[in-house]
Amino acid sequence: MKSLKKTYQQTIPQNIRAKMHVFFFKIRAVFVIGNKVECNCCNSNFSRFLDFGDYKKRKNAICPNCLSLERTRMLWLFLKDSKYLKEKTILQFAPFKVIEKK
Ligand SMILES: [Zn+2]
């Protein structure tokens, strides 16, 4: 299995793998249609968030629509209602895509 993963990583360029990764998460979104959880970053509803992690999978971790993780949703929850966002400019290095848009 490790050699298959290594071959995959060595033969397909990283930017293509990233696009494929997003594409497969979007497909998986079909299987979690529902209203049990809501992503505060993209305001989408699902029956649950998808599991995420290479070595130790975390349950209900990633939003299948915007791919935000728990920490991203928590950060946006803080920034959205924070007085800092209204009063100051924030410089975040390597911002999360979904927060960068907002
Ligand atoms: Zn989302």
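Everything below is about the structure printed above this text.
Residues numbered from 1 in each chain as written. Predicted model: local features only at pLDDT ≥ 70, side-chain atom pairs only at ≥ 80, totals over all residues. Heavy atoms only, no water.

Participant: Can you help me understand the coordination of the zinc ion in this one?
Facilitator: Geometrically, a metal with four donors at the corners of a regular tetrahedron has ideal angles of 109.5 degrees, and one with six donors at the corners of a regular octahedron has ideal angles of 90 or 180 degrees. Distances from the zinc ion to its protein donors, Cys-39 (SG), Cys-42 (SG), Cys-63 (SG) and Cys-66 (SG), fall within 2.3 Å. Relative to the metal, the 4 donor atoms surrounding the zinc ion lie at angles of 106 to 115°, and the coordination shape comes out tetrahedral. The sequence motif formed by the donor residues of the zinc ion is C-x2-C-x20-C-x2-C. Remark: Cys-63 occurs in the loop between β4 (58-62) and α3 (70-80) and Cys-42 occurs in the loop between β1 (33-38) and β2 (45-46); sequence separation between them is 21 residues. Classification of Cys-42 as partly exposed rests on a relative accessible area of 22%. (Donors = N, O, S within 2.8 Å, 3.2 Å for Na, K, Ca; no water. Tetrahedral: all angles 85-135°; square planar, octahedral: opposite > 155°, others 65-115°. Helix = DSSP H or I, 4+ residues; strand = E, 2+ residues; numbered from the N terminus. Buried < 20%, exposed > 50% of the residue type's maximum accessible area, 1.4 Å probe, protein only.)

Participant: So what exactly am I meant to see when it comes to unusual backbone geometry here?
Facilitator: Working note: non-glycine residues mostly have negative phi, and peptide bonds are mostly trans. Residues other than glycine seldom take positive phi values, yet Asn-43 does so here, at roughly 60°. With respect to the helices and strands, Asn-43 occurs in the loop between β1 and β2. At Asn-60, a residue that is not glycine, the phi angle is positive and equals roughly 50°. When you line up the elements, Asn-60 lands in strand β4.

Participant: Help me understand the packing of aromatic side chains, please; the structure alone is not making it clear to me.
Facilitator: Centre-to-centre distance and the angle between the planes together describe a pair of aromatic rings. One pass over the full model with this rule turns up 2 aromatic pairs. Their ring planes at 45° and their centres at 6.3 Å tell us that Phe-25 and Phe-52 sit as a pair that is tilted. Of this pair, Phe-25 sits in helix α2 (residues 14-28) while Phe-52 is found in strand β3 (residues 50-52), placing the two residues 27 residues apart along the sequence. On the basis of relative accessibility, which here comes to 4%, the residue Phe-25 falls in the buried class. When the ring centre of Phe-49 is taken as reference, the NZ or CZ atom of Arg-73 above it lies at 3.9 Å. (Phe/Tyr/Trp six-rings, centres within 6.5 Å; stacked < 30°, edge-to-face > 60°. Lys NZ or Arg CZ within 6 Å of the ring centre and 35° of its normal.)

Participant: Looking at this structure, I do not really get the nonpolar core. What am I missing?
Facilitator: Note that soluble globular proteins tend to have their nonpolar side chains buried in a common cluster. Formed by 16 residues in total, the largest nonpolar core has its most connected members in Cys-39, Cys-41, Phe-46, Cys-63 and Cys-66. For this core, the secondary-structure elements that each account for two or more residues are α3 and α5 (97-101). Once residues lying within four places of it in the same chain are set aside, the contact partners of Phe-46 are Ala-29, Val-32, Gly-34, Asn-35, Lys-36, Val-37, Cys-63, Pro-64 and Asn-65. (Core = buried A, V, L, I, M, F, W, Y, C linked by side-chain atoms within 4.5 Å. Contact = heavy atoms within 4.5 Å.)

Participant: How do you make sense of α3 when you look at a structure like this?
Facilitator: Since there are 3.6 residues in each turn of an α-helix, residues three or four apart along the chain are aligned in direction. Buried within α3 we find Thr-72, Arg-73, Trp-76 and Leu-79. Considered in projection along α3, the buried side chains sweep an arc of 130° and stay on one side of the axis. In α3, the exposed residues that point more than 90 degrees away from the buried face are Arg-71 and Met-74. (Arc of directions from axis to C-beta.)

In short, the description is geometric, and any link to function would need to be established separately.
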